[in-house]
Amino acid sequence: MSTTSPDTLRQPDLLLFVCDGNLARSPAAELISRHRAVADGPWRFASCGVRAVRSDRVLREVERRLALMDVPAGGFRSRQATPAILGEARLILTAGRPQNDWIVDETPTLYRRTYTIRQAARLLRDLPPGADPLEHLARTKDRITEQDEVEDPIRKGGAAAGQAVGQIDEALRVILPALGALGPVRP
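What comes next concerns the included structure.

Observations concerning the overall build of the protein
Here is step 1 of the chain: Secondary structure summary: the protein contains 8 helices and 4 strands in total.
Here is step 2 of the chain: Put simply, the protein runs from its N terminus to its C terminus through helices and strands in the order α-β-α-β-α-α-β-α-β-α-α-α.
Here is step 3 of the chain: Relative to a compact globule of 187 residues, whose C-alpha radius of gyration would be 16 Å, the protein shows 16 Å and is just as compact.
Here is step 4 of the chain: Projected onto the principal axes, the alpha-carbon positions of the protein cover approximately 55 × 35 × 30 Å.
Here is step 5 of the chain: Scored against the burial criterion, the 187 residues of the protein give a buried share of 49%.
Here is step 6 of the chain: For the protein, contacts bridging at least 24 residues in sequence account for 73% of all contacts bridging at least 6.
Here is step 7 of the chain: Of the roughly 10000 Å² of accessible surface on the protein, a fraction of 51% belongs to carbon and sulfur atoms.
Here is step 8 of the chain: Looking at the protein, you have 27 positive and 24 negative side-chain charges, and the mean spots of the two groups are 2 Å apart.

Pasting the structure below:
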């Protein structure tokens, strides 16, 4: 007779980050989240790209910016977004409107789970105390604005990479606590 219950076997929910090539923006969000999240918490983190470039590392400029934040970038591998990967996610956060549109075109049932990372942060800033963050996002979902996009830093240099990582970091400082995924503050 088994002594494990279904709750014991339950895996944490998946927060999936999506960008174009899975080389800069979505890996930065994944790596920052993993670094900051509470161990054995309610969420696990992954990333993929709608037009993924096969690589075993993050864009160098992004890797340099992450190193300044003490976020390790080793062990990363890019991967292509597929309906199976997307369908596994409880929440999908993209870099911008093109990725949102691609996801909803590929799998329309994911509309209420898909937001840009900055859009989700904007909506979660108004999360009422005790409210469920995913229900709040679904209830308050609105149009993506230009300010909700994180520009692709590829082939644009270190300053663009720094700006993209900074915007992602700022958004995650709202999102992770709202989801109950923030671990102890690291120096």
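Things to note about the layout of surface pockets
Here is step 1 of the chain: What the second largest pocket holds in volume is close to 150 Å³.
Here is step 2 of the chain: For the lining of the second largest pocket, the element with the most residues is helix H8 (residues 158–178), which contributes 4 residues.
Here is step 3 of the chain: A per-class count over the lining of the second largest pocket returns 4 nonpolar, 2 polar and 5 charged.

Topic: the nonpolar core
Here is step 1 of the chain: Of all hydrophobic cores here, the largest spans 41 residues; its most connected members are Val 62, Leu 66, Leu 91, Leu 93, Ile 117 and Ile 175.
Here is step 2 of the chain: Of all elements in the fold, only strand E1 (13–19), helix H2 (25–36), strand E2 (43–49), helix H3 (60–68), strand E3 (91–94), helix H6 (117–124), helix H7 (133–140) and H8 reach the threshold of two or more residues within this core.
Here is step 3 of the chain: Ranked by the residues each element gives to this core, the list is headed by H8, at 10 residues.
Here is step 4 of the chain: What Leu 93 contacts, discounting residues up to four positions off in sequence, is Leu 15, Leu 16, Phe 17, Val 18, Tyr 115, Thr 116, Ile 117, Ala 120 and Ile 175.
Here is step 5 of the chain: The next biggest cluster of nonpolar side chains, apart from the first, holds 13 residues, and it includes Leu 16, Val 18, Ala 46 and Ala 89.

Points about the state of the cysteines
Here is step 1 of the chain: Within the structure shown, the criterion is met by 0 disulfides.
Here is step 2 of the chain: No disulfide involves Cys 19; its nearest neighbouring cysteine sulfur is the one of Cys 48, lying 8.4 Å away.
Here is step 3 of the chain: With relative accessibility at 2%, the residue Cys 19 sits in the buried group.

Quick notes on empty space enclosed by the protein
Here is step 1 of the chain: Evaluated as defined, the whole model comprises 1 cavity of 30 Å³ or more.
Here is step 2 of the chain: In this structure, the largest cavity spans a volume of roughly 50 Å³.
Here is step 3 of the chain: Phe 17, Val 18, Arg 25, Ser 26, Ala 29, Leu 93, Thr 94, Ala 95, Ile 117, Val 150 and Ile 168 are the residues that line the largest cavity.
Here is step 4 of the chain: With 3 residues, H2 is the largest single contributor of residues to the lining of the largest cavity.
Here is step 5 of the chain: Across the lining of the largest cavity, the residue classes break down as 8 nonpolar, 2 polar and 1 charged.

About the criteria used
- Residues numbered from 1 in each chain as written.
- Predicted model: local features only at pLDDT ≥ 70, side-chain atom pairs only at ≥ 80, totals over all residues.
- Heavy atoms only, no water.
- Helix = DSSP H or I, 4+ residues; strand = E, 2+ residues; numbered from the N terminus.
- Rg over C-alpha atoms; globule rule 2.2 N^0.38 Å.
- Buried < 20%, exposed > 50% of the residue type's maximum accessible area, 1.4 Å probe, protein only.
- Contact = heavy atoms within 4.5 Å.
- Areas by Shrake-Rupley, 256 points an atom, 1.4 Å probe, with all protein chains shown as cover.
- Lys, Arg positive; Asp, Glu negative; His and termini not counted.
- Charge placed at Lys NZ, Arg CZ, Asp CG, Glu CD.
- 1 Å grid on protein atoms, 1.4 Å probe; cavity = no way out; pocket = protein on both sides within 12 Å on 5 of 7 lines; lining within 4 Å.
- Points joined across faces, edges and corners; volume = space filled by probe spheres on them.
- Nonpolar A, V, L, I, M, F, W, Y, C, P; charged D, E, K, R; others polar.
- Core = buried A, V, L, I, M, F, W, Y, C linked by side-chain atoms within 4.5 Å.
- Disulfide = S-S within 2.5 Å.

Everything listed here is a matter of coordinates, which is why it stays silent on function.
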